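Coordinate analysis (summary)
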Amino acid sequence: MTLNFSDPATGWSFECPDSSGKPYTGGLTLKNIRHHSNNFARDIRLIGIRLRVSDFDNTGQPSIPKNVFVSLDPPNFKSTEIQELRPSALAAPQTAAERASLTTSSFMDRLKNASDKLLSLGSYFKDASGNYNGYGVRADYTADPTLFSQWPNCEVSGLTIGQTFLFSTYGMSPPHEPGSVLMAARCHPLTTYKFTLNSSVQQWSPIRQILSIRFDYRLYFALDAVPNSPSGGLAQRAQPWPNNAGLFRDNDTLAVGSLLSAAAASFVDPALASSANSAAAFAAVEKQLILEVAAPGQRLGLSKQGSVTCWDNIHWWGNRGSGPMISAPGAFHAAHMHWRWGSAGSSIPHGRAAFPGDTSGRPSGLTGVGTGGSLLVDPRIWVQSIDVAVAKDDPSRDPEGYGVIRESLSKEDWKTLFTSRAAADISAGANIVCWYSVEVQFPRSSSQLPQLSVPQQLEGTVFVHGIFFAHNAEQTGLTIGDTRPQHWPRNEGSIRSSGQWVRDAS
Amino acid sequence: MTSTARIWALADPNLISSPKASAAIEQAFRTALGATDRSRHRVTIMPGFIEHEDTRGLWNAGDATALSAEQARDYAVKTITTVSKALSTEANKALANAIGPMQLVPPQVKPIDVLPIASMQSGSWDHWLVRSRPQLTLDVTAGTYADVFGAEVDVRIGPAGAVLGYLSRWRPLSGEHIDVDLSAPPATASNTDPNHPAQRTIAFVLEGESAPQHYLAPYYLIANGEDLELASASPLSLVVHITRYSSEDPTQYVAVVEGGSGDYRFDWGLLPLSDFTEITLAHLGEGQTVTDRSTNPASSLSVVTLPIGAHLALLNVIDQQTGAFQHHSEQVYVAGSTSAGASGGSSS
């Protein structure tokens, strides 16, 4: 069966397969997701969870870690029924008393006279316990006790998982770009976990400890596309639904020279100014992706670790044939997914350099390579590694495909789901799928993660940054971003010739 | 001569949401669109938008390319005109308590985009999407108009010219307005060379579909290296930032306001982003007000301490001198601090 969900207040609609009101298989799956009739995604779901565990003897020496896949299905988990979350309506402050002076005062005078009422958030958010986060669906899962009791002397005895797919109204607040001028609706595919500590663990025996918990998502975006036919002109059909994606790494330091060049160039050629602006904004960019990719998004809470330089965000849009590509920065009809903002883009108000800028997400006091910018994750569990892949839709990777076993879509070494064959060219737009994996790590000693002095929590939520879906026409009248392909430091030719799946932002 | 900027009052949503008024608006809207069959045509009237969908026609329309893009645009423009006339006459009759004739849909729009839209299931071209941007008078003396950023009218036209969908993202205007002096653009936008002005334009800004807002005021939209920024273009156009307050305490956040008199009051709230065990709005009040004398005029700031976690911070701001109002929200990721001497990851 399939449940149909739609919410007039936020404009979102989607379908959700179910079995007697509970998630059908493997947890919540949302299909054919639209916002105000704009196509967003065919299918969004969590593939499953991977637990990495190790036995530590009483000298603190770990055994070789084990990596266990669990899906949100019986017998591993017992689920609740699917719960619909409807947003509370905002109230408008009553201004009847002020209407008495309608004929003699301007509306600004009336606003000023009613300032106490207008200022109070309680005038708009009348029900303090109301859901003002958005529309959505939710299901909660409790792990079967045998999941952990089968493990000898395990430090945890229970695990609860909450899946909440949350959708907001359209607007530019909260901002999803540092400058905060982009209208979009938010989609948060949240997964919350909470371990229960085992109160009867025996300290003198080897203890099985949780090293990490990993959540593997499949996000099959499908934004409206307008492809050309091979001979030019509009294609006969929008199949195979060509979408494009791009990866970006923000700058952490403002390249003043680049910005001056951008301003100067604007007097010569606005296109040059755009290009220079983009160069100042991005430390690395692959717009559009030339080949399929499996890429690092964050390593142990850092944006650069060792030789690995991570990407900060991915943007996704419908192919426009011979029309202009989306602007970057900008992207007014695209899905935006940022898990870090670079320091150069943080929104310090003009002339207020006294403020430290937004370096949130990680504990303050961290210094060193990879600690810049703002990390947009649950700060309780900031030590996490994020990976993202963009791959062509493939029946062997379709969770509903014939003979496909769910566990086969969550490899112990995540990237090997993709890298067994050559990376295909997707530069002209293709029927592509986004794969997103986040692993929350629980470092056990400072030797594993020197900067860690704030302990990781055994509960938290992943994917809080969400996805912002903008569906406006591109802005006109201003030079905003660059609508041309952008590839650096690797150029298009070197990406193509290398044939590499795994490409970081260096 | 000083340029002026028109400030447009938004209608009281309570007037529109009364059963009598909303029924009249819906009836006029349905009639204008020929969408009177309630089993087929869904109509939604919200404070931030009016929407229609032909639930049987949309995604089952046939071959949209039987119509050209130009024909689709002409159908859309005609539809927008028809809806505008119907709502400004028929629906206004029911709004007896209104201050003046309300503009329930934008009085003037310009088409900016025509796209064929395909069905996700079949891939066939289902309909045309015609997107238009509303405009309003900015300076009545100079006869200038400005776009309304955040507002849009989307009309979906089927192969035979039928309207399959209509979305007017807009808030009704009350019929009142005042004219104020246009503020000078900021001397230096962040990240730009002061000798070379940043590229900018002026637009009215319509907030999100459910954000508290009482009037439309103009702002400078400035393109800088990272993206677009807003700057105040009138004494009633407030720009609010929420940012970290100090390096020492990562849980302290500050609200900074630009564009007004400097004499502000605040009201803070917090919604959970990462913990849904209790979805409650935490009311934080006005925060600690401090005066920033580094600006001219001096400006009130509000500082609050937030709990560790990911939240949606909500903020209302009022300018005590002018009555100017601004609502703002921001996702905040409040972390703790490390012990002294902690250092970052491996160097490279």
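What counts and what doesn't
- Residues numbered from 1 in each chain as written.
- Chains lettered and ligands numbered in written order.
- Predicted model: local features only at pLDDT ≥ 70, side-chain atom pairs only at ≥ 80, totals over all residues.
- Helix = DSSP H or I, 4+ residues; strand = E, 2+ residues; numbered from the N terminus.
- Buried ≥ 20, exposed ≤ 12 C-beta atoms within 10 Å, placed from the backbone.
- Contact = placed C-beta atoms within 7 Å.
- Core = buried A, V, L, I, M, F, W, Y, C linked by C-beta atoms within 7 Å.
- Pairing = 2+ DSSP bridges.
- Axes fitted to C-alpha atoms, helices over the stretch in contact; angles between N-to-C directions.
- Expected span 1.5 Å × (residues − 1).
- Bend = angle between axes of the 7 residues up to and from the residue.
- Parallel < 35°, antiparallel > 145°, perpendicular 65-115°, else oblique.
- Left-handed = near helix turned anticlockwise from the far one by under 90°.
- Nonpolar A, V, L, I, M, F, W, Y, C, P; charged D, E, K, R; others polar.
- Domains from an automatic or database assignment.
- pLDDT = per-residue confidence, 0-100.
- Arc of directions from axis to C-beta.

Let's shift gears to the overall build of chain B. For chain B, the count of helices and strands is 3 helices and 21 strands. Taken across its 348 residues, chain B has 57% of its residues classed as buried. Expressed as a percentage of contacts within chain B between residues at least 6 apart in sequence, the contacts between residues at least 24 apart total 63%.

Moving on, we come to the overall build of chain A. Tallying secondary structure elements over chain A gives 7 helices and 26 strands in all. When each of the 506 residues of chain A is scored for burial, the buried share is 53%. Put simply, of all contacts in chain A between residues at least 6 apart along the chain, 74% involve residues at least 24 apart.

Right, let's get into the nonpolar core. Ranked by internal contacts, the top residues of the largest apolar core, which has 233 residues, are F221(A), C434(A), I157(B), F204(B) and A255(B). Filtering out sequence-adjacent residues up to four positions away, I157(B) remains in contact with L67(B), A72(B), Y75(B), A76(B), H127(B), W128(B), V130(B), V163(B) and L164(B).

Residues and elements named next belong to chain B. Pairing is antiparallel in the open sheet, where 4 strands are placed in the order 17-16-20-21. Each edge of the open sheet carries a strand with a single partner, namely strand 17 (282-285) and strand 21 (325-334). Averaged over all neighbouring strand pairs, the angle between strand axes comes to 20°, with direction disregarded. Sheet analysis places strand 16 (residues 264-272) next to strand 20 (residues 309-319), joined by 9 bridges and oriented antiparallel. Counted as the bridge partner of Y264 is D319 from strand 20.

In this section: the sheet that holds strand 9 (residues 173-181) of chain B. Residues and elements named next belong to chain B. Taken in spatial order, the 3 strands line up as 9-1-11 in an open sheet, and their pairing is antiparallel. Of all strands in the sheet, those with a lone pairing partner are strand 9 and strand 11 (215-216), marking the two edges. Examined bridge by bridge, strand 1 (residues 4-10) and strand 9 share 6 bridges and lie antiparallel to one another. Its bridge partner being in strand 9, A5 is matched across the sheet by V180.

This brings us to helix 3 (residues 69-94) of chain B. Residues and elements named next belong to chain B. Between its terminal C-alpha atoms helix 3 stretches 37 Å, which fits the 38 Å expected from 26 residues at 1.5 Å a residue. Of all the bends in helix 3, the greatest measures close to 30° and is centred on L87. Those residues of helix 3 that are buried are in contact with helix 2 (19-33), strand 4 (109-118), strand 5 (125-139), strand 7 (152-157) and strand 8 (163-169).

Here we take up the packing of helix 2 of chain B against helix 3 of chain B. Residues and elements named next belong to chain B. The interhelical angle for the contact between helix 2 and helix 3, taken along N-to-C directions, is 150°, at an axis separation of 9 Å. On the basis of the axis angle, helix 2 is roughly antiparallel to helix 3. In this structure, helix 2 crosses over helix 3, and the sense of that crossing is right-handed. For the pair formed by helix 2 and helix 3, the contact residues are K20, A21, A24, I25, A28, F29, T31, A32 and L33 on the first element and T82, V83, A86, L87, E90, A91 and A94 on the second. Partitioning the contact of helix 2 with helix 3 into residue classes produces 12 nonpolar, 2 polar and 2 charged.

Moving on, we come to the domain arrangement of chain B. Under the domain assignment used here, chain B contains domain 1 (4-178) and domain 2 (238-337). Relative to domain 2 of chain B, the C-alpha centre of domain 1 of chain B lies at a distance of 35 Å.

Our next topic: the confidence of the model for chain A. All names here are of chain A. Summing up the model confidence of chain A, the mean pLDDT is 86 and the portion of residues at 70 or higher is 85%. Put simply, helix 5 (residues 256-265) is where chain A has its lowest mean pLDDT, 37, and strand 15 (residues 293-298) is where it has its highest, 98. Confidence over residues 96-101 falls short of pLDDT 50; this stretch has 4 contacts with residues more than four positions distant or in other chains.

Residue and element names in this part refer to chain B. Burial of strand 16 is extensive: 7 of the 9 residues sit out of reach of the surface. As judged from the 3 bridges shared by strand 16 and strand 17, these two strands associate in the antiparallel manner. Looking at strand 17, one finds that W268 is bridged to G285.

This part takes up the pairing of strand 22 (residues 384-392) of chain A. Residues and elements named next belong to chain A. Of all 9 residues in strand 22, 8 are buried; the element is thus mostly enclosed. Alignment of strand 22 against strand 23 (residues 432-441), held across 9 bridges, turns out to be antiparallel. Along strand 23, the bridge assignment pairs D387 with S437.

Next up on the list: the environment of A32(B). Residues and elements named next belong to chain B. Mapping A32 onto the fold places it in helix 2. In this structure A32 comes out as buried when scored by C-beta crowding, with 23 C-beta atoms within 10 Å. Excluding anything up to four places from it in sequence, A32 contacts T82, V83 and A86.

With that out of the way, let us pick up the confidence of the model for chain B. Residues and elements named next belong to chain B. For chain B, mean pLDDT is 88; residues scoring 70 or higher make up 90% of the total. Every residue in residues 189-193 is under pLDDT 50, and counting partners more than four places away or in other chains gives 20 contacts. Here residues 340-348 is a poorly scored stretch, pLDDT under 50, and it has 30 contacts once near neighbours within four places are set aside; other chains count. Confidence metrics for the complex model read pTM 0.93 and ipTM 0.93.

This brings us to the environment of I314(A). Its place among the elements puts I314(A) in strand 18 (residues 313-318). In contact with I314(A), not counting residues within four places along its chain, are A245(A), L247(A), M337(A), V388(A) and C434(A).

Looking now at helix 2 of chain B. All names here are of chain B. A rise of 1.5 Å per residue sets the reference length of helix 2, with its 15 residues, at 21 Å; its end C-alpha atoms lie 21 Å apart and thus fit the reference within 8%. For helix 2, the full list of buried residues reads A21, I25, A28, F29, A32 and L33. The buried residues of helix 2 all sit within an arc of 125° when viewed along its axis, so they share a single face. Every exposed residue of helix 2 that faces more than 90 degrees away from the buried side is listed here: P19 and K20.

Here the bond from P74(A) into P75(A) is cis, since omega is 5°, no more than 30 degrees from zero. Among the secondary structure elements, P75(A) is positioned in the loop between strand 6 (66-70) and strand 7 (77-79). In this structure, the amide linkage connecting N296(B) to the following residue, P297(B), adopts the cis form with an omega of 0°. Note that P297(B) resides in the loop between strand 18 (288-292) and strand 19 (299-305). Residues other than glycine seldom take positive phi values, yet N32(A) does so here, at roughly 45°.

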